[in-house]
Amino acid sequence: MFKLWGRKDGSNVIKVTWCLGEIGVEYERIDWGGEFGGNDDPEYRAKNPNGRLPTLEEEDGFTLWESGAVTRYVCAKYSAGDLYPDDLHARADADKWMDWSSINFAAFNSVYLDQYFRVPEAERSAEKITAAATATVPLVDILDKHLADHDYLGGSKLTMADFAAGSLIHRWVHWTPNRPSHANVEAYYERLAGRPAYQEHVIEANRPRTEKIQKELMPNL
Ligand SMILES: N[C@@H](CCC(=O)N[C@@H](CS)C(=O)NCC(=O)O)C(=O)O
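Overview of the structure. Fair warning: this is a prediction, and the values are worked out from it, not measured in the lab. (Residues numbered from 1 in each chain as written. Predicted model: local features only at pLDDT ≥ 70, side-chain atom pairs only at ≥ 80, totals over all residues. Heavy atoms only, no water.)

### As for unusual backbone geometry
Cis peptide bonds are those with omega within 30 degrees of zero, and the linkage from L53 to P54 qualifies with -5°. Locating P54 in the fold gives a position in the loop between α2 (42-47) and β3 (55-57). A positive phi angle, close to 85°, is found at E66, a residue other than glycine. Within the secondary structure, E66 is located in the loop between β4 (63-65) and α3 (67-78). With a phi close to 50°, N178 is a non-glycine residue in the positive phi region. Here N178 lies in the loop between α7 (162-175) and α8 (183-193). On the accessibility criterion, N178 (78% relative accessible area) is exposed. (Helix = DSSP H or I, 4+ residues; strand = E, 2+ residues; numbered from the N terminus. Buried < 20%, exposed > 50% of the residue type's maximum accessible area, 1.4 Å probe, protein only.)

This is the structure we're talking about:
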């Protein structure tokens, strides 16, 4: 059985755990990083020199870091022709959404994490949160336009294309104060929220932070 190193509430870990949950493969997840620590452990650094999460470790000693690479690898290994499209155009399209999500769309998540959970309370800035949200709206517009005539980012069914953006949509929907409405993105989120693997690995894994933001932090911004 392979191992996945990483606490279950890290956004880059969630991308992979949701994907593995959809695949239904058995593996061992090791709580690591964040409050569990361990990132500077030399044995861990030998697996992942960045000291970040997640890291995949297979029984033959193969290790892989970078959540996008891990997602592509497990989709290709366990779900070729399904989550990992055979058709080159469809696969390139899925790669496009994964890269765009990690490089562009994910920026709001870093600001929200800093502002809601890392800076001292006295330094929490509603302006910084609003600025990050405002900068993200044109990207959500792109998703919304695409989702007007596609149920999922890769077309009519869930594919690798969805794991990066889809896992972050939960935070966009629930962590953004005064969020503008995007009907097609909201319908996409509801579609994802109907999937058991998404409920477990995205919604439940985020629940403590989402509840803290909605009950304690957002009302005081
Ligand atoms: N580009 C990397 C980013 C990895 C990353 O920064 N992961 C975060 C968690 S989502 C991390 O390791 N943070 C330190 C920690 O949680 O201890 C990837 O996608 O795997």
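On we go.
### Some thoughts on the site of the ligand
Around the ligand, the neighbouring residues are R7, G10, S11, N12, G33, G34, N39, R52, L53, P54, E66 and S67. In this structure, an oxygen atom belonging to the ligand sits 2.7 Å away from a side-chain N or O atom of R7. R52 is positioned with one of its side-chain polar atoms (N or O) 3.0 Å from an oxygen atom of the ligand. In isolation the ligand exposes 510 Å². Once the protein is present, 78% of that is buried. The class makeup of the residues in the shell around the ligand is two nonpolar, seven polar and three charged. (Near = heavy atom within 4 Å. Polar contact = N/O pair within 3.5 Å; in protein donor to acceptor, adjacent residues only side chain to side chain. Areas by Shrake-Rupley, 256 points an atom, 1.4 Å probe, with all protein chains shown as cover. Nonpolar A, V, L, I, M, F, W, Y, C, P; charged D, E, K, R; others polar.)

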